[in-house]
Amino acid sequence: MRFSVLVEVRLRPGIADPQGATIERALPALGFSGVEKVRVGKAVRFEVVAADEAAARDEATSMAERLLANPVIEDAEVTVISGNGRP
Amino acid sequence: MSTRVGVVVFPGSNCEHDVAHAVEQLGGEAELVFHDQDRLGRLDAVVLPGGFAHGDYLRPGALARFSPVMAAVTRFAAEGGPVVGICNGFQVLTEAGLLPGALQKNAGLRFLCTTVQVAVCSTKSVLTGGAQPQAVLELPVNHFEGNYTCDPATLEMLRAQDRIVLRYVENPNGSVDDIAGVSNEAGNVVGLMPHPERACDALTGGTDGAVLLRSRLSSAASAAGALIRTG
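Structural notes, computed from the coordinates. (Residues numbered from 1 in each chain as written. Chains lettered and ligands numbered in written order. Predicted model: local features only at pLDDT ≥ 70, side-chain atom pairs only at ≥ 80, totals over all residues. Heavy atoms only, no water.)

Comments concerning the overall build of chain A
For chain A, the helix and strand inventory stands at 2 helices and 3 strands. A globule of 87 residues ought to have a C-alpha radius of gyration of about 12 Å, yet chain A, at 16 Å, is considerably larger. The C-alpha extent of chain A, read off along each of the three principal axes, is 50 × 30 × 15 Å. Evaluated residue by residue, chain A yields a buried proportion of 30% over its 87 residues. In chain A, 74% of the contacts between residues at least 6 apart in sequence involve partners at least 24 apart. Carbon and sulfur atoms provide 54% of the accessible area of chain A, an area that totals close to 5500 Å². Averaging the locations of the 11 positively and 13 negatively charged side chains of chain A gives two centres separated by 4 Å. (Helix = DSSP H or I, 4+ residues; strand = E, 2+ residues; numbered from the N terminus. Rg over C-alpha atoms; globule rule 2.2 N^0.38 Å. Buried < 20%, exposed > 50% of the residue type's maximum accessible area, 1.4 Å probe, protein only. Contact = heavy atoms within 4.5 Å. Areas by Shrake-Rupley, 256 points an atom, 1.4 Å probe, with all protein chains shown as cover. Lys, Arg positive; Asp, Glu negative; His and termini not counted. Charge placed at Lys NZ, Arg CZ, Asp CG, Glu CD.)

Things to note about the sheet that holds strand β1 (residues 2-11) of chain A
Residues and elements named next belong to chain A. Spatially, 3 strands are ordered β2-β1-β3 in an open sheet, and the strand pairing comes out antiparallel. Where the open sheet ends on each side, the last strands, each with one partner, are β2 (42-49) and β3 (74-82). Each strand of the sheet is rotated relative to its neighbour by a mean of 20 degrees, with strand direction disregarded. Its contacts with the sheet put helix α2 (residues 53-68) on β1, β2 and β3, and the angle it makes with β3 is roughly 155 degrees. (Pairing = 2+ DSSP bridges. Axes fitted to C-alpha atoms, helices over the stretch in contact; angles between N-to-C directions.)

Notes on unusual backbone geometry
Residues and elements named next belong to chain B. One non-glycine residue, Leu 109, lies in the positive phi region at around 55 degrees. Despite not being glycine, Gln 134 shows a phi value in the positive range, around 70 degrees. Its place among the elements puts Gln 134 in the loop between β6 (112-120) and β7 (136-143). By relative accessible area, Gln 134 is classed as exposed at 54%.

Spelled out as structure tokens, the structure:
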């Protein structure tokens, strides 16, 4: 089966995020008030052929650990959606 | 017999000739080693130079660490061979797990191209063995992702084991504890963001980098001597 997968890579808590801080400072100037805790990450989407959803998740988790995220500073969250739907 | 230094070339490296030139000026012999080689041959030291290996796509060093040559560099390092990563080379060494921590985007979100002062904080590494403790060197920096980051436990370990080899006098990029360079526990693997190879000739703006590269050459020579003696 073909699964579409979303891997969200985000900085671990406590790791400084200069991009997030810059966005947070810019938003009030555009009239968006009350925004806090802005963090910038990466979203990696792909399709993968696997026997079942659990296998697709395992495969994507392994990709995240080995390549997509740097575990020293980043966490990765894997979401698997069957079929052609977008997660 | 002069010291043979392998300079690793990834697709996108751009400081390999600067390093080779500096090594030869200091009396060593430089050999370019390509990323797809899985053996190093007879080398006394290895340098991972600056640049943008594999375009720095995904993260700096993230793809380079899977190059065949990195398996050979890892074996060389495990046998005690001197390995120095400069700038992008430092990023590759952290991604490969040969050095702790990671290099994030600069705190100011600007690419830095300037000359900075760095203080020699440990002389136990192959790169700083010939430098005076606390000496202040003027070296060029040229990076967007040089903001050294590690967790508090790792920082404590680096301090306790005297592995912070260089610190910025004025922190240009937000690095934790002003760190400009670190070593592994044995001191034979060192990574630093400044470019000593670009400060080896008065003609191009200074010679403060020479003391570092000369340290590496002499430590490589003594490591080679030790191998010959024991082998």
